[in-house]
Amino acid sequence: METRDEEAAGAALLLYERAHFRHDPRWLLSGPPRLCLACALELLQPSSGVSLVRKKHMLSCLHDALLRHPREVTHLFAQNEMVCIRLLDVLFGLLRSIDDVSVLEFTIQVLVQLLIQPKLEPYIHCLLEECQKELCNMPTMEGSLAIVTLLGKVVDAIPSLAEILVVEHGNLVEHQLRGLMYPNEAVKAAVCYLYGKLYSSPTVAEKLSDHFREKLCPLFLTTLDNAQTKELQVNCMGLLRQLLKYDPFVSVIMSRSGEAGISENAEMPPKESTLPLVLKKLLLSRDEILQVASAHCMVGVLVHSPGKYAQTFIYADIPEFLFEHLSCTNEVLLWPVYSCLLLLTEDRLFFSKCHAVYGIESLVRSLKGILQLNNSELLKQGLLLFKEILKRQPEEIKLFTNSATCKDASWVLQEAIGSCVQEVVMEAIDAVAAFFRTDHLSSPPVPYGELQALLQTLLARCADLVLPLRPLPLPGGHPSSRDPGRAGQQQGKILHGALKGFRNACRLAVEFQNDPSARENPFTAPSSDKKDTLETFSEFLLSACDSLCIPVVMRYFEQDSHPALMETFFLIVSNMFVIVPRMKEKFSKKLASSSFIRLTMELKARFCSGQRHPALNQACSNFLHCLCLNLFSALEKKAPSPREGSSVVASILRHRLPHINTGGPESLALLSDALYVDEATRQRQYCLVLLFYLGHSHNDRFVPEAELFSALRSLLLSIQDQGESPPPAVFRAVLYLLVVCQDKGEPLEKAPLSALRKMLEAVSDLSLVYSHHPYTLKFFLIYPELLSRFGHRVLELWFSWEDLAFDAPSSAPALPDHVDLLLHILKSTSSVLLILLDLVYTSSMDIARKVLMVLRAFLKNNEDVEVGSLLRGHFLQILQQLLLESGAAPLQASSNLPLLLSLLFLVQPRDEAQRELDSTDLKLLHQVSNLCGKCSLAHVEILQSSFNFLYWNLHQTTPGSRKQAVAVLLSSAPFLVLLQKTLGHTWTEPTGTCVLLGPSAKGAALLCSAWLLTASLSAQQHLGGLEVHQTLTVQLDKVLQALTLRKKAALFSASILRFLRTTLEQKFSSALVTLVSSASPGQLPSPEDAALSPLSLHQVLSLVISLQNLLVQKDLLLTQAVVGCLEALLDYLQAKSLDVALHVASQPWNRFLLFTLLDAGDNSFFSPELLRLMTLFVRFRSRNILSQDDLGHVLRETAKLEFSELPTATLRALYSFLSQVQRTGSLPGPAGSATIPALLEALSDRTRTQPPQQDLVCLGGVAVSFSHIRD
């Protein structure tokens, strides 16, 4: 700039030396350039004789001065009008006389700069007059280039001049037509430039409309078509862009260029248009400026009426070349190309000619490239085009011809969704919704993995939304200036768009279920892990809906709720029931437990009342219909037997849900309507009842329970008054709601209770209306009117629904907590106990076992409640009726009879103390013995329970009652015959291998009970000298042989030993049991055998060996039986042959056996069984078994014992042992004489104060008395 200023200053000084002395100093500019305006004027005159170069330099300096000092220059010229006019004449003269382009350009620039100055505006008209005069006087347009160019520049600089030019100098405009016909493209370019500036003004364009229509249009189109130079092409396109702003001009241009409308024959394309072809030619040029202008002009045409003009461009195959240009990286070109294609998509011909299929790959590639740029507006426009193509593509034409393009499209959408510009995200989400179409994605293999990733990105974007809270008003009452409403609306639109996309994905999955190729995806690689399948995709949709979609919408719903958004949401959730059918019930339960019934009802009441938002109402109703049917079906599957009602429920819900748009209070008011209701209203009431029922079944209590109970009470009365009968499913729902709400409301009065009873009596089967709940029993059992009529059936149904796992009868399984309610009712209502007893006998085996479990728990936990006599009396009636019905015929017993006997047996052990048998007990003994007499050995379970009952009665009563009981049993010959058969079965049953478990366990248990019962009967008969009408025969050698088996159950051996002990105690003189020996009748016994008769010495020794072997097993019960039998055997041998007894007691093997039984722990010899065994050895003075040192050691250890910590059995055995030691004098000296009496005294006091311990137990299903085995 400094160099330029110096040159200008030098020129000014030169002019000053030659001419400036004549000029006033005021014409000299104060700042650089140091130019004298008067000198400049003289030098520019034709007569100055200055060279063209000097004039050009002066023009440059003058132009520079106008730019730098416009006010100063303008002020100087405005002060002298003549000088200004002279300057304009000089400059205009230069335009006419000089051909140098650069000089002309400076001249035009100076003129324009002068004319735009505010104080020089009056001179514009002078210039226009000169231009008009000059152009009109020209015979040709050869010299008009400079003037036309000047006019264009002036109009461009002063837009308001356009109207003046048209109105006051119309000849100038008309003269321009000559320029378009002149064969000089520079002149044509200047004319087009001027026209472009004129038509840029809407007012001028309107005034020139006729001019254009009648004169300019054909000339312009011809010029455009034939233009060769870039300048003319650019100026023509500039004029065209201005013309295309006006719809009338567009119509004229398209008409004149051949587009008079669509051909009447749809199969024949219209005549080719000049303008589309010209624009196509320019689009194909290598000049990006022309390409951009061409694309903009196409947009300018199409934007007025795509439906009218699009086909012309489509028939010219322009879409094909537009798609080709998508490969460029010029953002200025891509925008109009996107816009033009977007407008072309509005015509179906664009798709039917497969332009979309041809260009989709280019479009996806272009979008991938734009994602790398930082141009969100261009990306948004491209996504908009992509969305429209996806949306408008006909279903019969596949858009994606290869899977690679489809996957790329999915990737593009994922990336666009991740944009930080919300407008881009919104367009991308809308495109995703259009992308999920069956015809777009059905070509195998379906890219399920890419679709899943796209949906994950979509939902993750929604999860990241920060949903704004509603703006709170400021204290002054004005809203906050930072209103988040717009941001909330945008995010709401994003969420809604995402939901639409997810809905379309769900619809896609549903449609693919009927397409084998899409379902199986057959073209996947054989080595793939089969994750890319419809099943996996469907499971993903369900999981995404559960973990992402629902939480996001619920979070949005807490802040705001939009009907259209919620409509889409419920359509999605409804689709979930179909997408993964096997999960629909589980998903429905989760929705119900999450209060979705309440949510949907509240939404309908808020938006759908008064027939508002019908689409939302229908979506909510369809969702509730599917949800409720799934829930109802799931509840019905729990029923032990199938029940009908789903079709009725489906019909009620389908027809009445759209008409229920009321909140909780209004719904309760509808249920409580006591007036006459029509059929439609009644069906609405039924629909509400079903909704309340299914909601309460899943802890969705959306109305107060007390008010609901009252409303249901009114509904019952209304139904009775109108003589109606509700469907069983509805009545079941009413009953369930009454049951679960009973604690919140007042008890039912007589009227509603009577109505309920009549309705129940009208039901053919109570199971049709039964609903299982812990409070169901309470509801039916606390009202006597319901208990007496329906208690038995309700209890039976309740147990059939209950899932109680039962173990062995003797165990006490843990019952569910809700069974406590039934136990409480049993405690307060004895009649229910009798019903349960009937159920044990009359119901199925499964129900009877469950009842038995509950009764067992009740009897165990309520020992203070006396129910034994009640149950025994009722059971006696049942047993008498059974025996009466069977008569003399063999027993055809119910399968539940063993359970009933087990229950009777269960009542017995509640009191360990001995009690007197009353008449009921004796009658029961009699009936049970008769029952046994009617049984065969096949009735193992009946006999087992009966034997347990009889054995228990014999050992839990007083001696006097025991004698009566034995007399009753001995009077039953059939019973004794059955007992004889059972004992005889011992030799045929493989008891030796039985361990009371497995298939033969029942038979072995029965044999154990038979031997124990026989031992008890024999002992009591012998003790009381009772009369015997039927004897039992037992083979002695087989009994002894049974003890020699190596593998046998401990309880079985203990039972045989107890019988043998009883026989030995009676010296084989029982009147009830006859022991038969297998010895030959003619063979004489040896003296030793004769002394031991009926035993032989061999049998005695064999028995001793068997007892020793049994002791080694170290089983407690078996050890007790062995010790007791050994005591009885030695007593028997002492009476028969003392030598044999001493021989048996002093066998060296006994010492080894004694130490074998000792454990490694200290004082292990203080077990009752070992003490009794040592007592035997002391009694028979077997010093080789127990020496004095051994006895001394035992005595010293005894003195250290704390007797209060020892059980009763140990104390008694120890007392007996010490007494025997003292009596036999086995331990002489001070220790024996002083210590033993003190210990005996202490033991005597302790044994009298010990509390009784449990004696009667059930082992392996066998009733056993420990005292019977032990003592």
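Residues numbered from 1 in each chain as written. Predicted model: local features only at pLDDT ≥ 70, side-chain atom pairs only at ≥ 80, totals over all residues. Heavy atoms only, no water.

Named according to an unreviewed UniProt entry, the protein is Meiotic double-stranded break formation protein 1 originating from Monodelphis domestica.

J.: Could you give an account of the overall build of the protein, with specific residues and numbers?
T.: On a plain count of helices and strands, the protein comes out with 64 helices and four strands. The buried share of the protein, reckoned over its 1271 residues, is 54%. The long-range share in the protein, meaning contacts at least 24 apart out of those at least 6 apart in sequence, stands at 77%. (Helix = DSSP H or I, 4+ residues; strand = E, 2+ residues; numbered from the N terminus. Buried < 20%, exposed > 50% of the residue type's maximum accessible area, 1.4 Å probe, protein only. Contact = heavy atoms within 4.5 Å.)

J.: Before we move on, could you go through the environment of proline 959 and cite the residues and values that matter?
T.: With respect to the secondary-structure elements, proline 959 resides in helix α50 (residues 959-970). Sequence separation between proline 959 and glutamate 916 is 43 residues; the distance between their C-alpha atoms is 8.9 Å.

J.: Give me the lowdown on the pattern of salt bridges, citing residues and values where you can.
T.: Taken as a whole and assessed by the stated rule, the structure comprises 31 salt bridges. Linking aspartate 287 and lysine 230 is a salt bridge whose minimum nitrogen-to-oxygen distance equals 2.8 Å. Here aspartate 287, found in the loop between α16 (274-283) and α17 (288-302), pairs with lysine 230, found in helix α14 (residues 230-243); they are 57 residues apart in sequence, far enough to count as distant. Overall, lysine 230 belongs to the partly exposed group, its relative accessible area being 41%. In this structure, the salt-bridge partner of lysine 744 is glutamate 705, at a minimum N-O distance of 3.9 Å. Remark: glutamate 705 occurs in helix α38 (residues 705-721) and lysine 744 occurs in the loop between α39 (728-741) and α40 (750-761); sequence separation between them is 39 residues. On the accessibility criterion, glutamate 705 (13% relative accessible area) is buried. Residues joined in a network through salt bridges with shared partners are Lys387, Glu388, Arg392 and Glu427. (Salt bridge = Lys/Arg side-chain N within 4 Å of Asp/Glu carboxyl O.)

J.: Outline the packing of aromatic side chains, supporting the account with residue identities and numerical values.
T.: Summed over all chains, the structure comprises 28 aromatic pairs. When the ring of phenylalanine 577 is compared with that of phenylalanine 623, the centres are 6.2 Å apart and the planes differ by 20°; the resulting orientation is stacked. Linking phenylalanine 577 in helix α31 (residues 563-579) with phenylalanine 623 in helix α34 (residues 614-637), this pair joins segments that are 46 residues apart in sequence. Comparing phenylalanine 577 with phenylalanine 623, the two get one shared label, buried. Arranged with centres 5.9 Å apart and planes meeting at 55°, the rings of tyrosine 770 and tryptophan 801 form a pair that is tilted. Residue tyrosine 770 is located in the loop between α40 and α41 (774-782), and its partner tryptophan 801 is located in helix α42 (residues 784-801); the two are separated by 31 residues in the primary sequence. An aromatic cluster is built from Phe569, Phe570, Phe577, Phe587, Phe596 and Phe623, whose rings are joined through pairwise contacts. Directly above the ring of tryptophan 411 sits lysine 368, whose terminal nitrogen or CZ lies 5.6 Å from the centroid. (Phe/Tyr/Trp six-rings, centres within 6.5 Å; stacked < 30°, edge-to-face > 60°. Lys NZ or Arg CZ within 6 Å of the ring centre and 35° of its normal.)

J.: Give me the packing of helix α25 (residues 422-435) against helix α27 (residues 448-463): which residues, what numbers.
T.: At a minimum axis separation of 12 Å, α25 and α27 run at an interaxial angle of 140°. With respect to α27, the axis of α25 lies oblique. Along this stretch, α25 crosses α27, giving a crossing that reads as left-handed. For the pair α25 and α27, contact is made by Val425, Ile429, Val432 and Phe435 and by Leu451, Leu454, Leu458 and Arg461, respectively. Residue classes in the contact of α25 with α27 are distributed as seven nonpolar, no polar and one charged. (Axes fitted to C-alpha atoms, helices over the stretch in contact; angles between N-to-C directions. Parallel < 35°, antiparallel > 145°, perpendicular 65-115°, else oblique. Left-handed = near helix turned anticlockwise from the far one by under 90°. Nonpolar A, V, L, I, M, F, W, Y, C, P; charged D, E, K, R; others polar.)

J.: A description of helix α48 (residues 919-934) should follow, citing residues and the corresponding values.
T.: Between its first and last C-alpha atoms α48 spans 23 Å; for 16 residues at 1.5 Å apiece the expected length is 22 Å, and the two agree. Its side-chain oxygen at 3.2 Å from the backbone nitrogen of threonine 920, aspartate 918 defines the N-terminal cap of α48. (Expected span 1.5 Å × (residues − 1). Polar contact = N/O pair within 3.5 Å; in protein donor to acceptor, adjacent residues only side chain to side chain.)

J.: Account for unusual backbone geometry, with residues named and values stated.
T.: Between serine 1093 and the following residue, proline 1094, the backbone shows a cis peptide bond with an omega angle of 5°. One can find proline 1094 in the loop between α55 (1087-1092) and α56 (1097-1112). Its identity as a non-glycine residue notwithstanding, glutamine 611 has a phi of 60°, on the positive side. With a phi angle near 55°, lysine 1067 is a residue other than glycine that sits in the positive phi range. Along the chain, lysine 1067 turns up in the loop between α54 (1050-1065) and β2 (1073-1076).

J.: Tell me about helix α13 (residues 209-226), and name the residues and values.
T.: Across its 18 residues, α13 extends 24 Å between first and last C-alpha, which sits within 8% of the 26 Å expected from 1.5 Å per residue. Listed as buried for α13 are Ser209, His211, Phe212, Leu216, Cys217, Phe220, Leu221, Thr223 and Leu224.

J.: Residue-level account of the packing of α34 against helix α37 (residues 679-697), with values.
T.: Orientation of α34 relative to α37, taken along the N-to-C sense of each, is 60°, at an axis distance of 10 Å. Considering only the axes of α34 and α37, their crossing is left-handed. Contact residues: α34 offers Cys628, Leu631, Phe632 and Leu635, while α37 offers Leu691, Tyr693, Leu694 and Ser697. Each residue belonging to the contact of α34 with α37 can be placed in one class, and the counts come to seven nonpolar, one polar and no charged.

J.: Residues and numbers for the environment of proline 551, please.
T.: As for its position among the elements, proline 551 is in helix α30 (residues 534-559). In this structure the C-alpha to C-alpha distance between proline 551 and alanine 463, which are 88 residues apart in sequence, comes to 8.5 Å. Each residue touching proline 551, except ones within four places of it in the same chain, is listed here: Cys545 and Asp546.

J.: Could you give me a rundown of the side chain of glutamine 742, with the residues and numbers involved?
T.: As for its placement among the helices and strands, glutamine 742 is situated in the loop between α39 and α40. Leave out the neighbours within four places in its chain, and glutamine 742 touches Phe709, Tyr775, Lys778, Phe779 and Ile782.

J.: How would you explain the confidence of the model for the protein if you had to name every residue and give the values?
T.: Keep in mind that low pLDDT regions are not for reading the predicted coordinates in detail. The predicted model of the protein has a mean per-residue pLDDT of 81, with 87% of residues at 70 or higher. Considering each helix and strand of the protein separately, the mean pLDDT is smallest for helix α1 (residues 2-18), with a value of 43, and largest for helix α20 (residues 331-344), with 94. Here residues 807-812 is modelled with pLDDT under 50, and outside its nearest four sequence neighbours on either side it reaches eight contacts, counting other chains as well. The model gives residues 991-999 a pLDDT under 50, and that stretch makes 20 contacts with residues more than four places away or in other chains. (pLDDT = per-residue confidence, 0-100.)

J.: With reference to specific residues and values, describe the pairing of strand β3 (residues 1256-1259).
T.: Taken together, the four bridges between β3 and strand β4 (residues 1262-1265) define a ladder with antiparallel strand orientation. Counterpart to leucine 1256 in the pairing with β4 is serine 1265. Between the end of β3 and the start of β4, which pair antiparallel, lie two residues, with glycine 1260 showing a positive phi angle near 60°. (Pairing = 2+ DSSP bridges.)

J.: Tell me what's going on with the environment of serine 1106, and back it up with residues and numbers.
T.: Within the secondary structure layout, serine 1106 lies in helix α56. Once residues within four sequence positions are removed from consideration, serine 1106 is found in contact with Leu1043 and Thr1044.

J.: How would you explain the side chain of asparagine 375 if you had to name every residue and give the values?
T.: For asparagine 375, the position within the fold is in the loop between α22 (355-370) and α23 (376-392). The buried category is assigned to asparagine 375, whose relative accessible area is 19%. Engagement of the side chain of asparagine 375 in a polar contact is seen with the side chain of glutamate 331, the distance being 2.5 Å. Among the polar contacts listed, one links the side chain of asparagine 375 to the backbone nitrogen of leucine 378, at a separation of 3.0 Å. Contacts of asparagine 375, omitting those with residues within four sequence positions, involve Glu331 and Ile370.

J.: Help me get a handle on the state of the cysteines, residues and values and all.
T.: One pass over the full model with this rule turns up zero disulfides. With no disulfide of its own, cysteine 620 lies 5.5 Å from the sulfur of cysteine 608, the closest cysteine sulfur. (Disulfide = S-S within 2.5 Å.)

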